[in-house]
Amino acid sequence: MSCVFHAATPSTAAAVGTAVRTGYVRTHVSSKPVVLIAEELSPATVEALGPDFEIRHCNGADRAELLPAIADVDAILVRSATKVDAEAIAAAKKLKVIARAGVGLDNVDVSTATKAGVMVVNAPTSNIVTAAELACGLLIATARHIPQANTALKNGEWKRSKYTGVELSEKTLGVVGLGRIGVLVAQRMSAFGMKVVAYDPYVQPARAAQMGVKMLSLDELLEVADFITVHLPKTPETLGLIGDEALHKVKPSVRIVNAARGGIVDEAALFSALKEGRVAGAGLDVYAKEPCTDSPLFELDQVVCTPHLGASTDEAQEKAGIAVARSVRLALAGELVPDAVNVQGGVIAEDVRPGLPLAEKLGRIFTALAGEVAVRLDVEVCGEITQHDVKVLELSALKGVFEDVVDETVSYVNAPLFAQERGVEVRLTTSSESPDHRNVVIVRGTLSDGQEVSVAGTLAGPKHLQKIVGVGEYDVDLALADHMVVLRYTDRPGVVGAVGRVLGEAGLNIAGMQVARTEEHGEALAVLTVDAAVPAGVLADIAEEIGATSARSVNLG
């Protein structure tokens, strides 16, 4: 089984940059995986975890309590107060998953976790509505001086003229960062009759136009916007983006909202602009250093401030808790977690997802056929599926390759390190051409003696039936099963009957069988699916009976 390949896309086994947790094997003492909840989470979080875990609680903000508590847990769930740093990760000898019930990961040392083979997951979509609504609220509050007027009235002061505001209708809103939250803000403020412009170098103008948003350069946006709202991640490139230079380009009537990340709007520069009348007002939910209870900005009456409430709604907290609980379940079951931030693969296309278990099983079959760890491993993907990012199929196959090789639990995080430690070169190659099947995944490896072993599979029909369609140079067509036998022998009459007789005498039923050969009386290959695992002794009897040059059993159950 082969296909025509595009230029190979090399990937080292360290692509995910992970490491093995040597302190854990499948036969660990606890009957259930232990999940530590280190901060207050919604009751729905525990419900989403279900009964399969031992749940423990601690105050993660208290280091003296956290470090001993984390020592023997499989997963930890946190919000923003618990620092899961290098010290905590080193103390957690069995840790496999760090789950942040929220979006930001400032309190998690992702790099150290990755090197330690610990998966880090968050809930990237849990608070997008909540954050967008808060940004809209701050924008309205700055336009109409709502908090200031509220405070004055409660202090017995009736100051209608002092708190005269401005309308949003027909004003220009500049959205800096047109991601998921920025889009939601744009949609909501358009309903107020605002004209929306945006700056985002990663968004195509045609896509923005479909939403009624005009894309501008940052300088153009600064010059025309009556209101500016920031929705960017905090990176070296975005830190201080709205700084002194930018704030000298805006209208003096502009009002600026930052409910994204502290530091994107330079607070010192903003203070100067407000004091000098170059900016009319600001709404802030985030700060360069948090918690922040003392800032010159708090002294200004035209500034509306909230203490990082972007994700603070009952709905968002519940969504975040449920999302990470589900991710923990997947991760501890050895499954791929789409929201894992340190596992290569990113968002998985729906057309790619059904191929994950197939690729993993092909990896396990490869190991069974090879009988050793390959020197080089190629994961080849052919067909229509290659129009999507199929990198995750390489990772899935690699997980399968080592599933029956090591004692440690193999995950999507540590599988590449097993390959790196054993000096296995791993590559992914793709081709849009697949002559015989709509899509094919091939796991091909070179062994230490130069021998090449390969196995190919595909998914058939609307139910995605997993089939093996190639072993080495032989084409076959057989549904995958939990228990399989692969035989190589010299083609001659009576072999099939002999195999059936030996299995029958052992009480083993053949569910399916396919024989392939390249020429009459040459080498032949037989692939059988059976109802139960074939004992080593029975396999040896078959090999002796038919003079097999190779007899391998594959057990995927």
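Here goes a summary of the coordinates provided.

Calculation notes
- Residues numbered from 1 in each chain as written.
- Predicted model: local features only at pLDDT ≥ 70, side-chain atom pairs only at ≥ 80, totals over all residues.
- Heavy atoms only, no water.
- Buried < 20%, exposed > 50% of the residue type's maximum accessible area, 1.4 Å probe, protein only.
- Helix = DSSP H or I, 4+ residues; strand = E, 2+ residues; numbered from the N terminus.
- Pairing = 2+ DSSP bridges.
- Right-handed = clockwise from strand over helix to strand, strands pointing away.
- Salt bridge = Lys/Arg side-chain N within 4 Å of Asp/Glu carboxyl O.
- Phe/Tyr/Trp six-rings, centres within 6.5 Å; stacked < 30°, edge-to-face > 60°.

Once that is clear, we can look at the pairing of strand E11 (residues 255–258). Two faces, one strand: in a regular strand the side chains alternate between the faces of the sheet. Along E11, one buried face is formed by Arg 255 and Val 257 and the opposite face, lined by Ile 256 and Asn 258, is buried too. The sheet contact formed by strand E10 (residues 227–230) and E11 spans four bridges and is parallel. Across the sheet, residue Phe 227 finds its bridge partner in E11, namely Arg 255. Summarising the sheet, E11 and strand E12 (residues 281–284) pair through four bridges and their orientation is parallel. Paired with Arg 255 across the bridge in E12 is Gly 281. The β-α-β motif built from E11, the intervening helix H11 (residues 267–275) and the parallel element E12 has right-handed crossover chirality.

Pairing is possible between side chains that carry opposite charge, provided their charged atoms lie close to one another. All told, the structure shown has 27 salt bridges when counted by the stated rule. With a shortest N-O distance of 2.5 Å, Asp 491 and Arg 517 are connected by a salt bridge. On the criterion of sequence distance, the pair formed by Asp 491 in the loop between strand E20 (483–490) and helix H16 (495–505) and Arg 517 in strand E21 (residues 510–517) is long-range, its members being 26 residues apart. A single network of salt bridges, built from pairs that share partners, joins Glu 54, Arg 56 and Asp 72.

This part takes up the packing of aromatic side chains. Scanning all chains against the criterion turns up two aromatic pairs. Centroid distance Tyr 287 to Phe 298: 5.8 Å. Interplanar angle 90 degrees. Geometry classified as edge-to-face. Here the residue Tyr 287 occupies a position in the loop between E12 and strand E13 (303–305), and Phe 298 occupies one in the loop between E12 and E13, the gap between them amounting to eleven residues. Exposure remark for Tyr 287: the relative accessible area of 5% places this residue in the buried category. For the ring pair Phe 402 and Phe 418, a centre distance of 6.0 Å and an interplane angle of 35 degrees mean the geometry is tilted. Here Phe 402, found in helix H14 (residues 391–403), pairs with Phe 418, found in helix H15 (residues 415–421); they are 16 residues apart in sequence, far enough to count as distant. The pair formed by Phe 402 and Phe 418 is uniform in burial state, with each residue classed as buried.

This is a description of form; function is not addressed.
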